[in-house]
Protein chains: 4
Amino acid sequence: MYENLKGVWPAMLTPMDGNGRPEFKQLEKWVEELLSQGVDGLYLLGSTGQGFLLSEEDRKKVTEITASVNAGKVPIMVQVGSMTTQESVRLAKHASQCKVDGISSVAPVYYGPADGSSGMALKHYESIATASDLPFFPYQLGAASFSDGLVGFVDKLLKMPNMVGMKLTTNNLLDISTISYSSKGKLVLFSGADELMCQAVLCGTNGAIGSYYNVFERECKYVRNEFVNGNVKLGTDFMLVFQEVIAESLPNIWTFFRQAIQMRYSVDIGPSIAPVGNTNKVWEEKKVEELVNRVIKAAKIDG
Amino acid sequence: MYENLKGVWPAMLTPMDGNGRPEFKQLEKWVEELLSQGVDGLYLLGSTGQGFLLSEEDRKKVTEITASVNAGKVPIMVQVGSMTTQESVRLAKHASQCKVDGISSVAPVYYGPADGSSGMALKHYESIATASDLPFFPYQLGAASFSDGLVGFVDKLLKMPNMVGMKLTTNNLLDISTISYSSKGKLVLFSGADELMCQAVLCGTNGAIGSYYNVFERECKYVRNEFVNGNVKLGTDFMLVFQEVIAESLPNIWTFFRQAIQMRYSVDIGPSIAPVGNTNKVWEEKKVEELVNRVIKAAKIDG
Amino acid sequence: MYENLKGVWPAMLTPMDGNGRPEFKQLEKWVEELLSQGVDGLYLLGSTGQGFLLSEEDRKKVTEITASVNAGKVPIMVQVGSMTTQESVRLAKHASQCKVDGISSVAPVYYGPADGSSGMALKHYESIATASDLPFFPYQLGAASFSDGLVGFVDKLLKMPNMVGMKLTTNNLLDISTISYSSKGKLVLFSGADELMCQAVLCGTNGAIGSYYNVFERECKYVRNEFVNGNVKLGTDFMLVFQEVIAESLPNIWTFFRQAIQMRYSVDIGPSIAPVGNTNKVWEEKKVEELVNRVIKAAKIDG
Amino acid sequence: MYENLKGVWPAMLTPMDGNGRPEFKQLEKWVEELLSQGVDGLYLLGSTGQGFLLSEEDRKKVTEITASVNAGKVPIMVQVGSMTTQESVRLAKHASQCKVDGISSVAPVYYGPADGSSGMALKHYESIATASDLPFFPYQLGAASFSDGLVGFVDKLLKMPNMVGMKLTTNNLLDISTISYSSKGKLVLFSGADELMCQAVLCGTNGAIGSYYNVFERECKYVRNEFVNGNVKLGTDFMLVFQEVIAESLPNIWTFFRQAIQMRYSVDIGPSIAPVGNTNKVWEEKKVEELVNRVIKAAKIDG
């Protein structure tokens, strides 16, 4: 039923205008470029998309434009988590009027850990899940402590209407496996740690959503497919190189993304919105090129 | 110069209307009530005040009304930290046009730990600090890891314009002492953990800002003063009772505050904004009364 | 050169006599049984082997007997880490006089995190590494904070004499990958988290050392080989079942091991030494059988 | 009944001979010196005393000699926690034959967190508590997670025979207060973080046990008494200086203690046993002198 929800999806970067708003012309161009790279789906307005830093109106417009340019070519999931449940609910209702395939939400922002953890999140999730008929994909709750354990938390999630899967943004693969086996295959799982894309396949994930796929969709999609089909050697060799490149680029990730995308796809995604990327430095072009080429080479698409 | 910045300040609860907005009439009444309780100052729109859940316009109006009702009677500090630096800067500029005595800001919300920690926060803080001439009070950065340690972080803070003090919302008293001795007394420090109000005096704090002072201003102010003046026995006895009451009320803190304030001061601060307080249950009136009376009794104001 | 150091090795359980000492007759029988199960190597006297709870003399005797029964059939690695560096050095010298293929050591026990972390461990490791000519396999340092990062720590390790590889007892696969790529393939790496046996292959590990292989050597060896050779589906299906069985048995792991080994191999490894296993309950035989059979079935050795 | 169990006790450093054994002649001299400094009690063979690094026989002999030199002058508590419960029980029985006033034990070493935490510790503690008629003082369990919370853990402890108090080696003052109020004053509590000696008084502690009191008994005893009797200003000023000196000396704490004690009391406590103190550097005499004098001056014993 949800079998198009799989593969390698970029957590789409939102082109910005330098004044804290989206740059809608570049957005159209960027969505087209990603489609031409062969993305398996698009995940909008999460951490990478800086959704939390945009106004409600701008979030709605980014969803509308992306859905319109995409025109049903690939599945789209919209992150609607906000500071307040009310805004998340409004965004969920709005998404359901666009041509998108699912909504997702982070756990309550800021107040999360301070206020009894999973109970607050579950009710927040439930309000969002029932706001529309779209498939719902909550986040895992990171380091939250669950009064009845991770298995008990998953049990409760499974009872929610429209609950279809989860986006598991964690380096803890044991948690992913636990969610996988305790839901008995009923959930469509996406891993969120790019550095563990192939490892997470072994934990029962159907796909991967992450920021580096904005730059390396073609390579990561190819390697993941090859790996799933038995090329363990390529999976191993690629993941070690990919993780090293991630480690080198992470301290200045926002300028790396901007420069790498400009270089590779001639799209300007603009500067991140402060405070995000506050300390990022401009890279030497040669270094960006070297990092990008290292990943391309490791993917061995042409054998 | 800043010697009025001390003592026991409530992190003021903002009366809400049940639809995600402040209830301004109750706000006026509530500010008057707090003034009549003898607060040493007012801290607006922090976590307790649910500032992050309000629109920019509503935050400005809360500041304006509070400043107007207060009319200079006690010092006021406004928390202006927001998702984006730009909004924080606008709120800081606005605050400087009201009759308030300082601004404060939490570290970057949501993106904080993921993006290199202290560098991002320092630049965020600097933008806010320089947006007005008001004294600035950033938060400590909790569990952030500092490339050059907590002492190095304080050194950098001390170089910022308008840097006057900090609000230290942490249970880690060693961090408070470290900030105290490494700033050589140049910072006006407020502790944020109500449960350690007196203990924090021994770490060089000038005052305490916290949510429970909304209910127990009179008792906490009395005990803290007595303690500072040598009544260590009262400090010890009171803090043990106070911490126990906090531990009992914390799981349903928002309804406790609402009911206790209604009972004690006949002001309705209304419901918290979802997802905050999502799991809070209504208390039995008798239990609220018992908890309130336990603290009152422990303060031994009448000997 | 070290190409026999790979595959699936049990962190060998040491048969105990109920009075805090090894049961040497059962030990001989147990080593023979493990050899007949096809182990790729044996890892002695680590956490699973309760090495830390035995006297120095008993540790030496366990090494001697195991080496003698094995008679060079499979490689043996001896964990010599102790409370004091001196005892570890004596155990390393002793091991070098037995027919074993390597020594290993945990980081300093108890004092570890309190005393500057990696510096203390590096010197401890160096004393042990230079005590003999045997290949040396230190542990990773878990949650230790490294003044110059994990990469800097690996650089220092690589300069030690006899440094051949590491035993990486961590669920953090990013750390394993980091050690793998930063040592540029110069280290022979064994993963230690049984639940992530196949996932760790993708991080560049040569083998896996763990406690559950005492019970499931045949199944785990088969699945790991199949996976390395391209059977990603088996790897995925098996790991989910294996992790679930581990999660169910872990709360009473010591009695599970004892009863499962008795049931499957007719060897009595005896009770663990207090406080280890203090809270372990006796299992219903049927439950042990069900857990064991679940893993056997998932391995699909007969297709 | 236990009213002599209070005040400032050094976690006594054990003079060592450079070959991993105690230096018994210096031990006698050292105990005499500490008595002449006015210690309120002596805590033997804990982390500071390097009890875990000594043989069982040597631990017994240290207890015998200390008890003999002390001859009942001040109360003595012996830390008997070991790798195995059996050794701890033997040490407890031995202590009960010496003239000492209590036994104490750390939680299970090494295996602690891996094996279900509090259950294992409780049974370990119970075996030790019932091995003699001496008052028993277990440690708090640090970051252990308790299935029924810290309060539930304390409830279980209170049911143990000979349970008289606890040694709370934690910086988390909330935990200390929680143990204090939930035991309703039935436990004699000693705080273990030297940096929070006075702050911990406000959490209901009867005394403080720590390593720095080996060097600064006179100053810390004076300040703590003054503080308890109402001198909050001295408590505040002293604690800030004391914490700063601790922070400066901690990275090379073992050589600091050795040199400071040599300088101040002409006793050579010898080198720590590897791996403890592995990375400690020799201090410049002038720096040691400056640090020692800073604390002496801050205590203002002569006004």
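Placed above this text is the structure.
Given the structure is predicted, the values throughout are model-derived calculations rather than measurements.

Asks: Could you give an account of the relation of the copies chain B and chain D, with specific residues and numbers?
Replies: Think of it as a corkscrew move, a rotation about one axis and a shift along it, taking one chain copy to the other. Rotating chain B by 180° and translating it 0.1 Å along the rotation axis places it on chain D, where the RMSD comes to 0.0 Å. Taken together, the rotation and translation relating the two chain copies correspond to the operation of a two-fold axis. Among all residues of chain B, the minimum C-alpha distance to the rotation axis is found for Gly230(B), at 2.0 Å. Most of the interface of chain B is mirrored in chain D, where 100% of its interface residues again form contacts.

Asks: Provide a residue-level description of the arrangement of the chains, including the pertinent values.
Replies: Regarding chain B and chain C, which are not in contact, the minimum distance between any of their C-alpha atoms is 10 Å. Where chain A comes nearest to chain D, the C-alpha atoms are still 10 Å apart, and the two do not contact one another.

Asks: Account for the sheet that holds strand 8 (residues 207-210) of chain D, naming residues and giving values.
Replies: All names here are of chain D. The sheet built from 4 strands is open, its strands ordered 1-8-7-6 with parallel pairing. Where the open sheet ends on each side, the last strands, each with one partner, are strand 1 (7-10) and strand 6 (165-168). For this sheet, the mean inter-axis angle between neighbouring strands, taken without regard to orientation, is 25°. Sheet analysis places strand 1 next to strand 8, joined by 4 bridges and oriented parallel. Within the sheet, the bridge partner assigned to glycine 7 lies in strand 8 and is glycine 207. Across the sheet, helix 6 (residues 173-182) is in contact with strand 6 and strand 7 (188-191); its angle to strand 7 comes to roughly 175°. Each of strand 1 and strand 8 touches helix 8 (residues 213-228); the most contacted strand, strand 1, lies at about 175° to it.

Asks: Account for the interface of chain D and chain C, naming residues and giving values.
Replies: The partner chain C presents 31 residues to the 31 residues of chain D that form the contact. Both sides together, the interface formed by chain D and chain C hides about 2,600 Å², and carbon and sulfur atoms give 60% of it. In terms of surface lost to chain C, no three residues of chain D exceed Met83(D), Tyr110(D) and Tyr111(D), which account for 25% of the buried area on that side. For the interface between chain D and chain C, the tally reads 0 salt bridges. One can count 10 residue pairs in polar contact (both at pLDDT 80 or more) joining chain D with chain C. Those elements that place two or more of their residues in the side of chain D that touches chain C are helix 3 (85-96) and helix 4 (118-129) of chain D. Considering each element in turn, the side of chain D that touches chain C owes the most residues, 4 residues, to helix 4 of chain D.

Asks: Please set out helix 2 (residues 56-70) of chain C residue by residue, giving values where relevant.
Replies: Residues and elements named next belong to chain C. A rise of 1.5 Å per residue sets the reference length of helix 2, with its 15 residues, at 21 Å; its end C-alpha atoms lie 21 Å apart and thus fit the reference within 8%. By the criterion of burial, helix 2 is predominantly enclosed, with 11 of the 15 residues buried. Those residues of helix 2 that sit buried are Glu56, Asp58, Arg59, Lys60, Val62, Thr63, Ile65, Thr66, Ala67, Val69 and Asn70. Against helix 1 (24-36), strand 2 (42-44), strand 3 (76-79) and helix 3 (85-96) lie the buried residues of helix 2. Positive backbone phi, approximately 50°, marks alanine 71, located one or two places after helix 2.

Asks: Please set out the packing of helix 2 (residues 56-70) of chain D against helix 3 of chain D residue by residue, giving values where relevant.
Replies: Residues and elements named next belong to chain D. Following both chains from N to C, one finds helix 2 and helix 3 inclined at 25°, their axes separated by 10 Å at the closest point. Comparing their axes, helix 3 and helix 2 come out roughly parallel. The handedness of the crossing between helix 2 and helix 3 comes out as right-handed. Counted together, Glu56, Arg59, Lys60, Thr63 and Glu64 of helix 2 and Glu87, Arg90, Leu91 and His94 of helix 3 form the full contact between these two elements. In terms of residue class, the contact of helix 2 with helix 3 is made up of 1 nonpolar, 2 polar and 6 charged.

Asks: Lay out the pairing of strand 4 (residues 102-105) of chain A in plain terms, naming residues and giving numbers.
Replies: Here is the key point about a regular strand: its side chains alternate between the two faces of the sheet. Residues and elements named next belong to chain A. By the alternation rule, side chains of strand 4 split into Gly102 and Ser104 and Ile103 and Ser105, which are all buried. Pairing analysis gives 3 bridges linking strand 3 (residues 76-79) to strand 4, with the strands arranged parallel. Paired with glutamine 79 across the two strands is serine 104, which belongs to strand 4. The parallel pair strand 3 and strand 4 is bridged by helix 3 (residues 85-96), and the resulting crossover is right-handed. Pairing of strand 4 with strand 5 (residues 136-138) involves 3 bridges; the strand directions are parallel. Its bridge partner lying in strand 5, isoleucine 103 is registered against phenylalanine 136.

Asks: Describe in detail the side chain of Ser180(B), supporting the description with residues and values.
Replies: Relative to the elements of secondary structure, Ser180(B) occurs in helix 6 (residues 173-182). Apart from the residues within four sequence positions on either side, Ser180(B) is in contact with Gly185(B), Leu189(B), Cys203(B), Gly204(B) and Leu240(D).

Asks: Describe in detail the interface of chain B and chain D, supporting the description with residues and values.
Replies: By convention, interface size is frequently given as the accessible area that disappears when the constituent parts associate. At the interface, 26 residues of chain B touch 26 residues of chain D. Buried surface at the junction of chain B and chain D, summed over both partners, amounts to about 2,200 Å²; 68% is from carbon and sulfur atoms. When the buried surface of chain B facing chain D is broken down by residue, Leu174(B), Tyr181(B) and Leu202(B) rank first, second and third, together holding 32% of it. At the junction of chain B with chain D, the criterion picks out 0 salt bridges. The interface formed by chain B and chain D contains 6 residue pairs in polar contact (both at pLDDT 80 or more).

Cut-offs applied
- Residues numbered from 1 in each chain as written.
- Chains lettered and ligands numbered in written order.
- Predicted model: local features only at pLDDT ≥ 70, side-chain atom pairs only at ≥ 80, totals over all residues.
- Heavy atoms only, no water.
- Least-squares fit on C-alpha atoms with pLDDT ≥ 70 in both.
- Contact = heavy atoms within 4.5 Å.
- Pairing = 2+ DSSP bridges.
- Helix = DSSP H or I, 4+ residues; strand = E, 2+ residues; numbered from the N terminus.
- Axes fitted to C-alpha atoms, helices over the stretch in contact; angles between N-to-C directions.
- Buried area = accessible area lost by both parts, 1.4 Å probe.
- Salt bridge = Lys/Arg side-chain N within 4 Å of Asp/Glu carboxyl O.
- Polar contact = N/O pair within 3.5 Å; in protein donor to acceptor, adjacent residues only side chain to side chain.
- Expected span 1.5 Å × (residues − 1).
- Buried < 20%, exposed > 50% of the residue type's maximum accessible area, 1.4 Å probe, protein only.
- Parallel < 35°, antiparallel > 145°, perpendicular 65-115°, else oblique.
- Left-handed = near helix turned anticlockwise from the far one by under 90°.
- Nonpolar A, V, L, I, M, F, W, Y, C, P; charged D, E, K, R; others polar.
- Right-handed = clockwise from strand over helix to strand, strands pointing away.

So, to be careful, I would describe these as geometric facts and stop short of saying anything about function.
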